[in-house]
Amino acid sequence: MSEVILRTPQQIAWGRFRRNKTGIVSAIVVLFFLFLAYGAPLITRLFGLSSTETYLDGLDPQGMPIGAGGGISWQHPFGLEPGAGRDVFSMLLYGSRISFSVAIITSVAAIGIGMILGITAGYFRGRVDAVIGRFSDLLFAFPSFFMIIALSIPMVERVESLGIVRDNGARLTVLIIFFVFFGWPGFARLVRSQAMSLRERDFIMAAQSQGASNWRIITKEMLPNLWPTAIVFLSLSLPGYLAAEAVFSFLGVGINPPASTFGLVLSDAIKYWRADPAYLMIPCAMLIAIVLALNLLGDAVRDALDTKAE
Amino acid sequence: MFTFVLKRLAYTIILLAIVSLTIFFIFDLIPVDPARLVCSKQCTPSLVEANRQRLGLDVSVLEQWWRFIVGLFAGRTFGEEGIAITCAAPALGYSFSRHECVTTIVAEAFPFTLSLALGAFVLWLSVGISLGVLSARKKGKFADRAASVFVLVGTSLPTFITGILVVLFIVLRFNLVNPLELGNWHNPFTEPLGWLQTFFFPCATLALAYAATYTRFTRSNVIETSSEDFIRTARAKGLSEKVILRKHTLRAALAPITTIAGLDFAGLLGGAIITEGIFGLNGLGRLSIKAVTQTYDLPIIVATTLIASAFVLIMNLIVDIAYAYIDPRVRTT
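Residues numbered from 1 in each chain as written. Chains lettered and ligands numbered in written order. Predicted model: local features only at pLDDT ≥ 70, side-chain atom pairs only at ≥ 80, totals over all residues. Heavy atoms only, no water.

**Some thoughts on the overall build of chain A**
Part 1 of the argument: In terms of regular secondary structure, chain A is built from twelve helices and zero strands.
Part 2 of the argument: Element order for chain A, N to C, with α for helix and β for strand: α-α-α-α-α-α-α-α-α-α-α-α.
Part 3 of the argument: Dimensions of chain A, computed from C-alpha atoms along their principal axes, come out at roughly 80 × 60 × 30 Å.
Part 4 of the argument: Across the 310 residues of chain A, 50% fall into the buried class.
Part 5 of the argument: Within chain A, contacts between residues at least 6 apart in sequence are counted, and of these 72% link residues at least 24 apart.
Part 6 of the argument: Counting only carbon and sulfur atoms, one obtains 64% of the accessible surface of chain A, whose full area is about 15,400 Å². (Helix = DSSP H or I, 4+ residues; strand = E, 2+ residues; numbered from the N terminus. Buried < 20%, exposed > 50% of the residue type's maximum accessible area, 1.4 Å probe, protein only. Contact = heavy atoms within 4.5 Å. Areas by Shrake-Rupley, 256 points an atom, 1.4 Å probe, with all protein chains shown as cover.)

**Describing the interface of chain A and chain B**
Part 1 of the argument: In this complex, chain A contributes 38 residues to the contact, which on the side of chain B involves 43 residues.
Part 2 of the argument: Both faces combined, the contact of chain A with chain B buries some 3,400 Å², and carbon together with sulfur accounts for 83% of it.
Part 3 of the argument: When the buried area of chain A at its contact with chain B is split by residue, A141, F146 and W273 of chain A rank highest and sum to 18% of it.
Part 4 of the argument: Linking chain A to chain B there are zero salt bridges.
Part 5 of the argument: Taken together, the connections running from chain A to chain B amount to five residue pairs in polar contact (both at pLDDT 80 or more).
Part 6 of the argument: Elements represented by at least two residues in the side of chain A that touches chain B include exactly α6 (126–141), α7 (144–162), α10 (214–251) and α12 (277–305) of chain A.
Part 7 of the argument: Top element by residues in the side of chain A that touches chain B is α12 of chain A. It accounts for eleven residues. (Buried area = accessible area lost by both parts, 1.4 Å probe. Salt bridge = Lys/Arg side-chain N within 4 Å of Asp/Glu carboxyl O. Polar contact = N/O pair within 3.5 Å; in protein donor to acceptor, adjacent residues only side chain to side chain.)

**Section: the domain arrangement of chain B**
Residues and elements named next belong to chain B.
Part 1 of the argument: If you check the domain split of chain B, you get domain 1 (2–99) and domain 2 (103–332).
Part 2 of the argument: In this structure, domain 1 and domain 2 have C-alpha centres spaced 32 Å apart.
Part 3 of the argument: Every contact between the two is made by 26 residues of domain 1 and, on the other side, 25 residues of domain 2.
Part 4 of the argument: For the pair domain 1 and domain 2, the two sides together bury roughly 2,200 Å², of which 78% comes from carbon and sulfur.
Part 5 of the argument: In terms of surface lost to domain 2, no three residues of domain 1 exceed F4, F27 and L92, which account for 27% of the buried area on that side.
Part 6 of the argument: The interface formed by domain 1 and domain 2 holds one salt bridge in total. (Domains from an automatic or database assignment.)

**Some thoughts on a nonpolar patch on the surface**
Residues and elements named next belong to chain B.
Part 1 of the argument: Among the surface-exposed residues, F2, L6, L9 and I13 lie close enough to one another that they form a single nonpolar patch of about 420 Å² accessible area.
Part 2 of the argument: Here L6 is to be found in helix α1 (residues 2–29).
Part 3 of the argument: The partly exposed category is assigned to L6, whose relative accessible area is 43%. (Patch = residues over 30% accessible without salt bridge, like charges linked within 9 Å, V, L, I, M, F, W, Y side chains within 5 Å.)

And the structure:
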């Protein structure tokens, strides 16, 4: 008789993930971009660059970068910004730090709220469930995209008047608040339906019959079973929010200059598309690479954690 | 079935009322004063007060909302510089910065939005469903792999990036459309070619992301349905694969797609802000982003927001009824 090796669900999932080559590669790519984004101050210093300094000697009298590909050189690997003459490489590193932060904070917050309200609705049912359900119905009926566009400018003024954060700090806060506000119902619905079916399972009933408190049942019995759903949802929603931040900044209702997120760089680069196409293509390529890697990673995480695949 | 429809209808009307009332309350809370915004440079407090009255903002939110609802059915009169302007029903408000009834402005913008939404809808449904069915039938083969690459590319390209690239490096680079005529309106019935010139690229851009999602969804639905017992039964009684696919698999697999397609379409009817902006189409989406960033024209912003939510709610109702018709089990819940 062969020896039976016992493995926890986490080990099984990890083993499955490790065997997925696409997943490993995309994870490495994502980690690389995260390193670039959060190591931006360190990396730019290593290159002897700065995201605020203007390298005017690299521009011709018309303000266009000198040299091929928008002034690509050893010193400026992504070229220079037409007009102001900032280093595009450092601009994009600092910009992607903002984009990643929006995506991560939003996803985690939306999942946190969705988890709490979803479990509450699914476990306690009854009136609580009805109230949460109707409220999320209402949020679904709201044209969130329109509301964010219409309300972001006045909301920023209101947040600034509180005096805690200003300028882009306030814009970032408003954007995240809106994304979370309209983002949690999707996850809450998912958790609610899972919590409802978990509630009827034998191990929950066993815990209840032993007199375990609701708090204990929710934290010790239900939560461990809901983590995989949360992780899958997290990895699948990251690319969406990252792109959403780019869209709103592009439309002029997100982050403002002198910050340099993807949306802002692209809205500026459109003006120079004929004279300096590289200035447009480089941020496009970088944003697409990040979103693609995050999507592939999300798929791999889902495949690894999905118990139905076995 | 009749009581089901009545119930859903009542629920939709209640939701519409709540959503519209909430929108009025939200716009009342924001720290922008439209009465001050439409005021000229020599502004005095009494002028602001007069503007407030003209805009109908001098009464409570509840009454503003009620006047709006009444105006929708009975038309409404707005005063401007001593002249009374009557907007016929359905009156959505009056834009003092454009000196026009909002209904007129919306009616001018809607054909753009409808053309874009319909064109994109037809494109993504036909591409998405046929690719999805194809890759499900050839699971693991070359066609399936090619389709999965398409899905990956489609879902990873944000619409505003595809749009920028298509406009700049295809449409303008190869002079496919005169830049001055980009976004011009052509009647699809009298000038089909001109219409196609304006709308083909924006529709294709918008459809790309949706087509990718629908391919993935159709594929997994068809594969899942193919392993159901009733398909095995159909095969056992000797039906040809073609008949099984057409009459049994697709019917069951595509039913859930109806729901999603209806809602996605409704979402676009409110205006595809990004695509309209990039391709210079003067639809509802461009109208609202201009109203926000240029003049903060509140009557237009409120109207477009309300229209967008009304489309979603009404389509939700239609989809629910259609689904109950397809799947009788739904009616009881």
